[in-house]
Structure formats: C-alpha cells, structure tokens
There are 2 protein chains.
Amino acid sequence: MPIDLICLDADDTLWHNMRYFDAAERAFADVLAPFADAGIARERIAAVEIRNLAHYGYGAKSFTLSMIETAVELGADVTAVARLLDVGRDLLAHPVELLDGIGDTLERLAATARLVLVTKGDLLHQEVKLAASGLGSLFSGVEIVSDKRPETFTRIFSRYAVAPERAVMAGDSMRSDILPALAAGAWAAFVPTDIVWAHEAAAAPTRHPRFRKLARLGDLPDWIATIG
Amino acid sequence: MPIDLICLDADDTLWHNMRYFDAAERAFADVLAPFADAGIARERIAAVEIRNLAHYGYGAKSFTLSMIETAVELGADVTAVARLLDVGRDLLAHPVELLDGIGDTLERLAATARLVLVTKGDLLHQEVKLAASGLGSLFSGVEIVSDKRPETFTRIFSRYAVAPERAVMAGDSMRSDILPALAAGAWAAFVPTDIVWAHEAAAAPTRHPRFRKLARLGDLPDWIATIG
C-alpha cells in the first residue's frame, strides 16, 4: 500500500534552528556575565524554560520572555534586559539555512506523495521561515501545532483524508515527531541532528515495524519506496 | 443557496478579550508611574506595539515583550520589568468569560451549518481559551492564522470544500473579519464591541449586498436564515 501523505517536521529537519537558540543562549550568558557564572545562567534558564512551557509554549518569543525572567532572578540590571530584547529579536530574524540537499529531497518526495509541514513553535515565525525557505510551493499544507500528541497526528491524517498506514512522519525529535506518529498508526523516520534539546529526548522504539532511523532526510525517498 | 460554513472570530466575538488587554495596559501605566506620566506611557506602548507587529505578531506574549521594551525606553528599573512579566502572565491566564448568550447562539448556528473558529493571536493561548470555553465540541475546525487577508479566507473555504457564497464570517473587526471575507466572496456580519483597538478600525462597506451589521451575535442565525 503506497504512502500518500508525507509529514515533515521543520526546525532542524528542513532548516537549522537549534544553532540559533544555542547562539542566543551564549549571548544570554555573555549579557549576564557581570551577574552570574555562565554555567549557572544556563542552568537557570533551562529550568525557567521548562517551568514556562505550559504557559508560553515553544518558540523565540517564549524563549525571550524566559531569558528576561531568568535575568531578573539573577539580579541583572535594565541594560541587560534591553540587550536580551535584542538577542530575542535577532533570534526571530535569523536567516533560514536549509540543511544539505533538502531542496532536492523535497522535490523527490513531492513527486511521490502530498507533503505537509507539521511544526510546533510560533505561528507567525514558522510561516515567515517557510516563506523565506522558498519551499512553500512544494507543500500541500502547513500544520502549526502547539504540541505533537498522537491525537494531533490523527487529526491531521483525517484532515487530509488519509489512513494512518499510508502516512509517514519524519523529524529529528523522538519525543515529538516519532513516538506520537507511530502511536497514531503511521510510519515514522527518525533523522537525528547533532544537537538535541534535553526536553525532546526519548528512547527509540525497539523492533517497531513502522519505524526507521535514517542518517539524513535524503534517505527518506528510498525508504518510502520500500514501503510502497 | 443555503449557508454551509459559518466562520467565527474568537476574541471579543465569543469571549471578552480587550478588557483584559485594557486592564494589562492600566497595570502597565501603574508600574511605570514612577518613571513616566500615564498618558505618555500609553502613547509609547501603542507606538511600540505597532512597530513590533511585523516581528512579534498578535497576542499576550507579544504584548508582554512590547510592555518590557517600552519600560526600558522610559527608563524603568528591573523591578518594574519583573512586575510587567507578572502582568503578562496574568494576561495569559485570565478566565474565559463568554459574551452574553453565546452558548445558545452557537448551538443554533451549529444546527444549521459547520462552525469554524478563525482567529489571530497566539496558537497555544487561543487553544487553551477554546478548551476553557467548553464550546470546542461545537466546532468542526479551528483555524489560527497570523493575519486575516482575503487569501486566508479563500484557503479556509477551500480546506472545508465550500464555495465562498455559501460561507459567512462574523466578527468584531471591520479590518480583519469583514473586509477580507467580503473580498474573498463570502457573506460577512459585523458585530461591533464597545472597545475597538485603533489598529483594527476601518470604514464599513456601503450598500454591499453580502454585508450586514448586527447588534449582537444572537442576531446571526436569523440573518443567515434570510440568506438561505
């Protein structure tokens, strides 16, 4: 039974993302250097981010608010706050850099099935990044979601009128992309990146018939061909 | 030709919203009182909000970042910044208060056509509000969009497989709800509220055959019956 719908994560699956958050976190530690040791600053912001996740959700604006909150907690002054607003604005405005070979891979995939972008994060920011990527026209749809749970994927498959066993999800997060898509009955390709946010880490499924770990997204078309 | 799809704005159409932003703006002026006259503080934040709209988009997190930015510009101290973070968190956590009679109105509407929520603002926050409203099950879909342009409505009508002339949009913003829906070929019901954000104001269409101004959303079912 051939695959009819290919769902793709965006950040760090199609384009670089974590490296910009990492750079922002380094800038944050620099700004806070007069007030706190870099190790402590990083530890504190990681805790504040997790604490804020339920209220603020994902994305650059949420991260900016968490940076400011952490700075206040660590006794920073208002000049530091002003600089963190700039760090946050740079994070929102960073260029979109595709991962190697993504354009070709997406064209191959789009020739075999409908493509849908499935991504968390800030709605406006993700729309701006997709537009800047020049890849928008290859996608049949864009689903920006506040969280990726099995129901999220079930709803998307139903929206595109496809049975789960004819859908694939590919992404770099075991916790957000792979496990919920498998739970919803779809196939799932894990394409890990170098940098993994601790919050997104999870154990890989063992011997799952619909799961595959790939070295790069460029290997996805060949795997999908074996499913069909 | 009967109406098959009823699109509804959320903030200040189904539930109160501007009153919470107004309260946040008053709290903002109070926090800044030691640093700036209330009139000046309000003038400056209005300007900062407009300036940030293209980067931050709509919603409580964007407003919080604009409050902090304005505070920094007005020479506030870090204690003020901490209090503004709290004001922003209260804004995200405010209770969902439905406008009068909304539950009954939506049940009448849902009995005649599919309902779709079409709203700007922060994805997570709007999802939380819909869940808290208890109205979620009446809706066939929720479309959270970064802006409302004619193409936005065209895309939504196509997604729900309905011709524009069989769709109605109802909302409290002439600029965001009414004019783009009419431009997309749909019917549009303007249900104004007491408080209008200056950015959303626009002139009403004159003698447009598909436009109606209503005193309350409760008048929508009767108007839709005359279209059918």
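Residues numbered from 1 in each chain as written. Chains lettered and ligands numbered in written order. Predicted model: local features only at pLDDT ≥ 70, side-chain atom pairs only at ≥ 80, totals over all residues. Heavy atoms only, no water.

### Points about the environment of T13(A)
Residue and element names in this part refer to chain A. Assignment of secondary structure puts T13 in the loop between β1 (5-8) and α1 (18-32). With a relative accessible area of 3%, T13 lands in the buried category. Taking the C-alpha atoms as reference, T13 lies 21 Å from G185; in sequence the two are 172 residues apart. Among all residues touching T13, those that are not within four sequence positions of it are L99, I102, A170, G171, D172 and L217. (Helix = DSSP H or I, 4+ residues; strand = E, 2+ residues; numbered from the N terminus. Buried < 20%, exposed > 50% of the residue type's maximum accessible area, 1.4 Å probe, protein only. Contact = heavy atoms within 4.5 Å.)

### Considering the packing of α1(A) against helix α3 (residues 60-73) of chain A
Residues and elements named next belong to chain A. It is at 11 Å that the axes of α1 and α3 come closest, and there the two elements cross at 20°. On the basis of their axis angle, the class for α1 and α3 is roughly parallel. Once α1 is placed against α3, the crossing between them reads as right-handed. Contact with α1, carried on its side by F21, A24, E25, F28 and L32, involves A60, F63, M67, T70 and A71 of α3 and no other residues of that element. Residues belonging to the contact of α1 with α3 are distributed by class as follows: 8 nonpolar, 1 polar and 1 charged. (Axes fitted to C-alpha atoms, helices over the stretch in contact; angles between N-to-C directions. Parallel < 35°, antiparallel > 145°, perpendicular 65-115°, else oblique. Left-handed = near helix turned anticlockwise from the far one by under 90°. Nonpolar A, V, L, I, M, F, W, Y, C, P; charged D, E, K, R; others polar.)

### Re the relation of the copies chain B and chain A
Expressed as a screw transformation, the operator carrying chain B onto chain A has a rotation angle of 180° and an axial translation of 0.0 Å, and the superposed copies differ by an RMSD of 0.0 Å. The superposition operator between the copies reduces to a two-fold rotation axis. Nearest to the rotation axis, the C-alpha of V78(B) is located 2.5 Å from it, this being the minimum over chain B. Mapped onto chain A, 100% of the interface residues of chain B again fall at the interface, so both copies present the same surface. (Least-squares fit on C-alpha atoms with pLDDT ≥ 70 in both.)

### A closer look at the interface of chain B and chain A
A common way to state how big an interface is: give the accessible area lost once the parts meet. Listed per partner, the contact involves 33 residues of chain B and 33 residues of chain A. Carbon and sulfur atoms make up 64% of the surface buried where chain B meets chain A, a total of about 2600 Å² over both sides. Of all elements in the fold, only α2 (38-56), α3 (60-73), α4 (78-93), α6 (123-133) and β3 (141-144) of chain B reach the threshold of two or more residues within the side of chain B that touches chain A. It is α3(B) that contributes the most residues to the side of chain B that touches chain A, 7 residues altogether. (Buried area = accessible area lost by both parts, 1.4 Å probe.)

### Examining helix α4 (residues 78-93) of chain A
The first and last C-alpha atoms of α4(A) sit 23 Å apart over 16 residues, in line with the 22 Å expected at 1.5 Å per residue. Along α4(A), the residues that are buried comprise A80(A), V81(A), L84(A), L85(A), V87(A), G88(A), L91(A) and L92(A). Buried residues of α4(A), viewed axially, fall in a sector of 160°; they line one side. Among the exposed residues of α4(A), those pointing more than 90 degrees away from its buried face are T79(A), D90(A) and A93(A). Its buried side turned inward, α4(A) meets α1, α3 and α6 (123-133) of chain A together with α2, α3 and α4 of chain B. (Expected span 1.5 Å × (residues − 1). Arc of directions from axis to C-beta.)

### Comments concerning the sheet that holds strand β1 (residues 5-8) of chain B
Residue and element names in this part refer to chain B. Overall, parallel pairing links the 6 strands, which are arranged β3-β2-β1-β4-β5-β6 in an open sheet. Either end of the sheet is taken by a strand with one partner, and the two such strands are β3 and β6 (211-213). Pairs of neighbouring strands in the sheet enclose a mean axial angle of 20°, with direction left out of account. Relative to β6, strand β5 (residues 187-190) runs parallel, the two sharing 3 bridges. Residue pairing for β6: F190 is matched across the bridge by K213. Sheet strands touched by α6: β2 (114-119) and β3. Its angle to β3, the strand with the most contacts, is close to 150°. Seen against the sheet, helix α8 (residues 174-183) touches β4 (167-171), β5 and β6 and runs at an angle of roughly 160° to β5. (Pairing = 2+ DSSP bridges.)

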